[in-house]
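Topology and contacts: notes
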Amino acid sequence: MDSICPIGLQCATEISALLSPPSPLQVQKYYHDLLTARGCSGIKVKQDGNFGKGLYADMDFKEGELVLKDPMLVGAQHPLNKIDCLVCSFCFCFIGSIELQIGRRLYMQHLRANESHGCEVGSSSKHCHEMDSSDEEESTQQCTSGSSKTKVPLPEGIVESLMNGQLVLPFSEKFSLPPAVPCPGGCGEAYYCSMSCAEADWGSSHSLLCTGESSDSARREALLKFIKHANETNDIFLLAAKAISSTMLMYRKLKAVSLEEQMKHNTSCVSNHCNLSILLEAWKPISMGHKRRWWDCIALPDDVDSSDEASFRLQIKMLAFESLQLLKTAIFDKELFSLEIYGNIIGMFELNNLDLVVASPVEDYFLYIDDLTYPNKEEAEKITQPVLDALGEEYSIYCEGTAFFPLQSCLNHSCCPNAKAFKREEDKDGQATIIAQRSICKGEEITISYVDEDLTFEERQASLADYGFRCRCSKCIEEEP
Ligand SMILES: C[S@@+](CC[C@H](N)C(=O)[O-])C[C@H]1O[C@@H](n2cnc3c(N)ncnc32)[C@H](O)[C@@H]1O
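Here's a quick rundown of the structure. Predicted model only: the values in this text are computed from it and were never measured.

Moving on to the sheet that holds strand S7 (residues 354-358). Here three strands make up an open sheet; going across it, the order is S4-S8-S7 and the pairing antiparallel. Each of the sheet's edge strands pairs with one partner strand only, and the pair in question is strand S4 (74-77) and S7. The average angle at which neighbouring strand axes cross in this sheet is 30 degrees, direction not considered. Two elements, S7 and strand S8 (residues 399-404), share five bridges in a ladder whose sense is antiparallel. By the bridge assignment, Leu 356 is partnered in S8 with Gly 401. On the sheet, helix H10 (residues 236-264) packs against S4 and S8 and is oriented at approximately 145 degrees with respect to S4.

We now examine the packing of helix H1 (residues 12-19) against helix H14 (residues 339-352). The geometry of H1 relative to H14 is characterised by a closest axis approach of 10 Å and an angle of 15 degrees between their N-to-C directions. By the angle between their directions, the pair H1 and H14 is classed as roughly parallel. Every pair of crossing elements has a handedness; the one defined by H1 and H14 is left-handed. Where H1 approaches H14, its residues Ile 15, Leu 18 and Leu 19 are matched on the opposing element by Glu 340, Ile 341 and Asn 344.

Before going further, it helps to examine helix H13 (residues 309-331). Counted at 1.5 Å a residue, the expected span for H13 with its 23 residues is 33 Å, and the 33 Å between its end C-alpha atoms agrees. Every buried residue of H13 is accounted for by Phe 312, Arg 313, Ile 316, Leu 319, Ala 320, Ser 323, Leu 324, Leu 327, Lys 328, Ala 330 and Ile 331. Packed against the buried residues of H13 are helix H8 (195-209), helix H9 (217-232), H10, helix H12 (294-297) and H14.

Close contacts around the ligand come from 14 residues, with Phe 51, Lys 53, Asn 412, His 413 and Tyr 467 the closest. Here an oxygen atom of the ligand sits 3.2 Å away from a polar atom, N or O, in the side chain of His 290. In the environment of the ligand, a nitrogen atom lies 2.7 Å from a nitrogen or oxygen atom belonging to the side chain of Asn 412. Protein contact buries 90% of the 570 Å² of open area that the ligand shows by itself.

Its 14 residues give helix H2 (residues 24-37) an end-to-end C-alpha distance of 20 Å, which sits within 8% of 20 Å, the value for a rise of 1.5 Å per residue. For H2, the full list of buried residues reads Val 27, Tyr 30, Tyr 31, Leu 34 and Leu 35. Axial view of H2: buried residues confined to an arc of 120 degrees, hence all on one face. Exposed residues pointing more than 90 degrees away from the buried face of H2 are listed as Leu 25, Lys 29, His 32, Thr 36 and Ala 37. Once H2 ends, the next one or two residues include Gly 39, with phi positive near 60 degrees.

On to the pattern of salt bridges. Taken as a whole, this structure holds 16 salt bridges when the rule is applied. Arg 38 is paired through a salt bridge with Asp 70; the nearest N and O atoms lie 2.4 Å apart. Taken as a pair, Arg 38 in the loop between H2 and strand S1 (43-46) and Asp 70 in strand S3 (residues 66-70) lie far apart in primary sequence, 32 residues in all. Residue Arg 38 is classed as partly exposed on the basis of its relative accessible area of 28%. Close ionic contact of Glu 309 with Arg 313 constitutes a salt bridge, the shortest N to O distance being 2.9 Å. With Glu 309 and Arg 313 both in helix H13 and four residues apart, this pair spans about one turn of that helix. Beyond isolated ion pairs, a larger network of salt bridges with shared partners links Arg 293, Asp 296 and Glu 340.

As a further point, take the packing of helix H15 (residues 361-371) against helix H16 (residues 376-391). One can describe the packing of H15 onto H16 by two numbers: an axis separation of 10 Å at closest approach and a directional angle of 140 degrees. Between H15 and H16, the interaxial angle falls into the category oblique. For the pair H15 and H16, the crossing hand works out as left-handed. Here H15 contributes Tyr 365, Phe 366, Ile 369 and Asp 370 to the contact with H16, which in turn contributes Lys 377, Ala 380, Glu 381, Thr 384, Val 387, Leu 388 and Leu 391. Classifying every residue of the contact of H15 with H16 by side-chain character gives seven nonpolar, one polar and three charged.

About the criteria used
Counting starts from 1 at the beginning of each chain's written sequence and moves along it residue by residue. Residues qualify for local features only when their pLDDT is at least 70, as the model is predicted, and side-chain atom pairs are given and counted only at 80 or more; totals for whole chains, interfaces and linings, by contrast, use all residues. No hydrogens and no water enter the side-chain calculation; it runs on all heavy atoms of the structure. Two strands are said to pair when DSSP picks up at least two bridges between them. Secondary structure elements follow DSSP: runs of H or I of four or more residues count as helices, runs of E of two or more count as strands, with numbering from the N terminus. Every axis in this analysis is a line fitted to C-alpha atoms, fitted for helices over the stretch in contact. Angles between the N-to-C directions lie between 0 and 180 degrees. Contact criterion: two residues are considered in contact whenever any of their non-hydrogen atoms come within 4.5 Å of each other. Angular relationships are summarised with four words: roughly parallel below 35 degrees, roughly antiparallel beyond 145, roughly perpendicular across 65 to 115, and oblique for the angles in between. With the far helix as reference, a near helix turned anticlockwise by less than a right angle produces a left-handed crossing, and one turned clockwise produces a right-handed crossing. Expected helix span is given by 1.5 Å per residue-to-residue step, counting one fewer step than there are residues. Exposure classes here rest on a 1.4 Å probe applied to the protein chains alone. A residue is buried below 20% of its type maximum, exposed above 50%, and partly exposed in between. One heavy atom within 4 Å of a molecule or strand is enough for the residue carrying it to be called near that molecule or strand. N or O atoms closer than or at 3.5 Å make up a polar contact, with two conditions inside protein: a donor-capable atom paired with an acceptor-capable one, and, for residues adjacent in sequence, both atoms drawn from side chains. Values of accessible area rely on a 1.4 Å probe in the Shrake-Rupley scheme; residue burial ignores everything except the protein chains shown. What the arc describes is the spread of directions from the helix axis to the C-beta atoms. Any Lys or Arg side-chain nitrogen located within 4 Å of an Asp or Glu carboxyl oxygen qualifies as a salt bridge. Charged residues are taken to be Asp, Glu, Lys and Arg, nonpolar residues to be Ala, Val, Leu, Ile, Met, Phe, Trp, Tyr, Cys and Pro, and polar residues to be all remaining types, Gly included.

On their own, these measurements won't tell you what the molecule is for.
And the structure:
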């Protein structure tokens, strides 16, 4: 990041500016502008409650009414889920064709059949919060999709024909998907539903994270090491890399605009102060999220004794340090993004993120075949039944990942909430969807439950400790022994 932080300086001013929380005025303006830009009416972000900022109703909502659809700021598909679902790396919609989705999944599973699936280090089950029980069941498929207990493999040639489009499944044209557009950088990892998604991703973060031929080879090597480390430890590092890359790229864009303006008006502003304000502008969307250092806020896993807490937290800090060193070699070589900042970005994801879930069209396809009548059904099933047998019980798997949503992350918790982050059939599109659980009056704070509302008082408080607070809602006060 040229001239923000010249080599030799320690970037102390910049680091402390990035770590300082935005002023209430800046917060108010950011969310006002965001809601206006999205044409989002009926809600407001306010900061005068007891728990920092919160989301408030600016109109009455009826029970079951949609309160908010919130597109993500930054999100990523879980690495293991990439085996099962080919989705646009920017908007996460399914791409290719029904045949490609199925053939690719069978092929990839075959390749991985003998590989062991490691568990993530330092990952928290909280990323699953706000899912209803049926979603939880579905989400476990990600870890079990390798199971071949009930599967009858298809011949390799058939799998290949599904992937290369030679074998067309009956009625699949009714479920057409956008063709897969490969990453313009040639990494072979990212695919898109359109050129506009490819360009948007390239401009917002992928140009710094692409491992394709067009990237410098030394950086590519470093990037591959960073990605491997994240895949083997915790994929939240990939999300942090996206957040940092998007800040760096936005800084460059804003700097270029500022230089152009200066040239136009024949003025000059090359001071560090000028660069710092551009940097803070680029950092603004990330600066707004509630943050704590990752190693301070991560929940202590059940199998770690409280007497070992200090060493566990140190281990997590070391893991973040390792990841940051790899990332620095790959995408920047100065000291701007310190361990403290990296820890705060990851901590922000830990405290705010929601599951990213997108429903698979493969499920709709097989349901359609099942609903056909004689003789179409019998004819179609001659071809589709062996495919279903090869896929096994989990014939359809959702795209799953984790994402930070700028407005949803303003919602405070209550054990008797008035809203819920539902994943309804029609809402499985990668956005956060907030639905009124009962009628909500204008002016009321909108709350969701971060944990299962049916847990006992003690269980709820134990789960909420992961978010760093004890709940004092009316239900908790009533139930407190
Ligand atoms: C997802 S954020 C919610 C927005 C947050 N209030 C902010 O200022 O950005 C979650 C954090 O808000 C605070 N919080 C949310 N609900 C709370 C509650 N019922 N009691 C105390 N703190 C709460 C906790 O610090 C929690 O880690």
